[in-house]
Amino acid sequence: VQLQASGGGLVQTGGSLTLSCVASGSGFSINAMGWYRQAPGKESEFIADITSGGRTNYADSVKGRFTISIDNARNTVYLQMKNLKAEDTAVYHCNADLLFGLEDTNFWGQGTQVTVSS
């Protein structure tokens, strides 16, 4: 299984971006998918996650600005980011909790850079 994240880029303060992450492979079903980010010199930070049933969790820092969604048929999770701030600048990483039968395995994707300029 591979996780491929995309959609990062350079945006001005107040702008929007939508990140996507596709889980490719076979023999699995999605339990949950989510996003983390890591800014230079800082630890990784949880942003949001969503179960296959659509239950969501958000970090307080992004509530009301970011929306996570999932397309189970496409094995894809999205992160819609609005009203971006300079402090949102980071490498955003996709995470997936996948079920192979009864076995639960966690995967990480490569990061996608989000840079918010003032």
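Here goes a summary of the coordinates provided. What you are looking at is a predicted structure, and each value in this text was computed from that prediction instead of being measured.

**Thoughts on the overall build of the protein**
Link 1 in the chain: Regarding its fold elements, the protein presents zero helices and eleven strands.
Link 2 in the chain: Seen in sequence order, the protein has helices and strands lined up from the N terminus as β-β-β-β-β-β-β-β-β-β-β.
Link 3 in the chain: Counting only C-alpha atoms, the protein reaches 45 × 25 × 25 Å along its principal axes.
Link 4 in the chain: The proportion of buried residues among the 118 residues of the protein is 40%.
Link 5 in the chain: Nonlocal contacts in the protein, meaning residues at least 24 apart in sequence, comprise 52% of its contacts between residues at least 6 apart.
Link 6 in the chain: With an accessible surface of roughly 6200 Å², the protein has 47% of that area assigned to carbon and sulfur atoms.
Link 7 in the chain: Of the charged side chains in the protein, 8 are positive and 10 negative; the average position of the first set lies 10 Å away from that of the second.

**Points about the packing of aromatic side chains**
Link 1 in the chain: Tallied over the entire structure, the rule returns four aromatic pairs.
Link 2 in the chain: With 5.0 Å between their ring centres and 65° between their planes, Tyr36 and Trp108 make a pair best called edge-to-face. Placement of the pair is Tyr36 in strand β4 (residues 29–38) and Trp108 in strand β10 (residues 103–108), with a sequence separation of 72 residues.
Link 3 in the chain: Tyr36 gets classed as partly exposed once you look at its relative accessible area, which sits at 24%.
Link 4 in the chain: Geometrically, the ring pair formed by Phe100 and Phe107 is tilted, given 6.1 Å between the ring centres and 55° between the ring planes.
Link 5 in the chain: Residue classification places Phe100 among the partly exposed residues on the basis of a relative accessible area of 28%.
Link 6 in the chain: One aromatic cluster is present, formed by Phe28, Phe100 and Phe107 through successive ring pairs.

**Quick look at the environment of Ile70**
Link 1 in the chain: Within the element layout of this structure, Ile70 appears in strand β7 (residues 66–71).
Link 2 in the chain: For Ile70, a relative accessible area of 19% gives the class buried.
Link 3 in the chain: Taking the C-alpha atoms as reference, Ile70 lies 9.5 Å from Ser20; in sequence the two are 50 residues apart.
Link 4 in the chain: Once residues within four sequence positions are removed from consideration, Ile70 is found in contact with Ile30, Met33, Ile50, Thr51, Ser52, Thr76 and Val77.

**Let's talk about the pairing of strand β9 (residues 90–100)**
Link 1 in the chain: Across nine bridges, the pairing between β4 and β9 is antiparallel. In the sheet register, Ile30 faces β9, and the bridge partner there is Leu98.
Link 2 in the chain: Here three bridges tie β9 to strand β11 (residues 112–117), and the two strands are oriented antiparallel to one another. Its bridge partner lying in β11, Tyr92 is registered against Thr112.
Link 3 in the chain: With six bridges joining them, β9 and β10 adopt antiparallel strand pairing. Residue pairing in the sheet places Ala96 in a bridge with Phe107 of β10.

**Some points on the state of the cysteines**
Link 1 in the chain: A full pass over the atoms with the stated rule returns one disulfide.
Link 2 in the chain: Between the sulfur atoms of Cys21 and its disulfide partner Cys94 the distance amounts to 2.1 Å. Measuring the twist about the S-S bond at about -85°, one finds the Cys21-Cys94 disulfide to be left-handed. Taken as a pair, Cys21 in strand β3 (residues 17–24) and Cys94 in strand β9 lie far apart in primary sequence, 73 residues in all.

About the cut-offs
- Positions within a chain are numbered from 1, following the residues in the order the chain's sequence is written.
- Reporting in this predicted model follows two pLDDT cut-offs: at least 70 for local features of residues, and 80 or more for side-chain atom pairs to be given and counted; totals over whole chains, interfaces and linings ignore these cut-offs and use all residues.
- As a rule here, side-chain values cover all heavy atoms of the structure and leave hydrogens and water aside.
- To qualify as a helix, a DSSP run of H or I must reach at least 4 residues; to qualify as a strand, a run of E must reach at least 2; elements of each kind are numbered from the N terminus.
- The buried label goes to any residue with under 20% of its type's maximum accessible area, the exposed label to any with over 50%, and the partly exposed label to all in between, with areas taken from a 1.4 Å probe on protein chains only.
- In this description, contact between two residues means that some pair of their heavy atoms is separated by no more than 4.5 Å.
- Exposure was quantified through the Shrake-Rupley algorithm and a 1.4 Å probe, taking into account, for residues, occlusion by the shown protein chains and nothing else.
- For the purpose of counting charges, residues Lys and Arg are taken to be positive, whereas Asp and Glu are taken to be negative. His and the chain ends are not included.
- Where a charge lies is defined by one atom per residue type: Lys uses NZ, Arg uses CZ, Asp uses CG and Glu uses CD.
- Between the rings of Phe, Tyr and Trp (Trp by its six-membered ring), a pair exists once the centres lie within 6.5 Å; its type follows the angle of the planes, with under 30 degrees stacked, over 60 edge-to-face, and the other angles tilted.
- For two strands to be treated as a pair, DSSP must find at least two bridges joining them.
- The definition used for a disulfide is geometric: two cysteine sulfur atoms within 2.5 Å.

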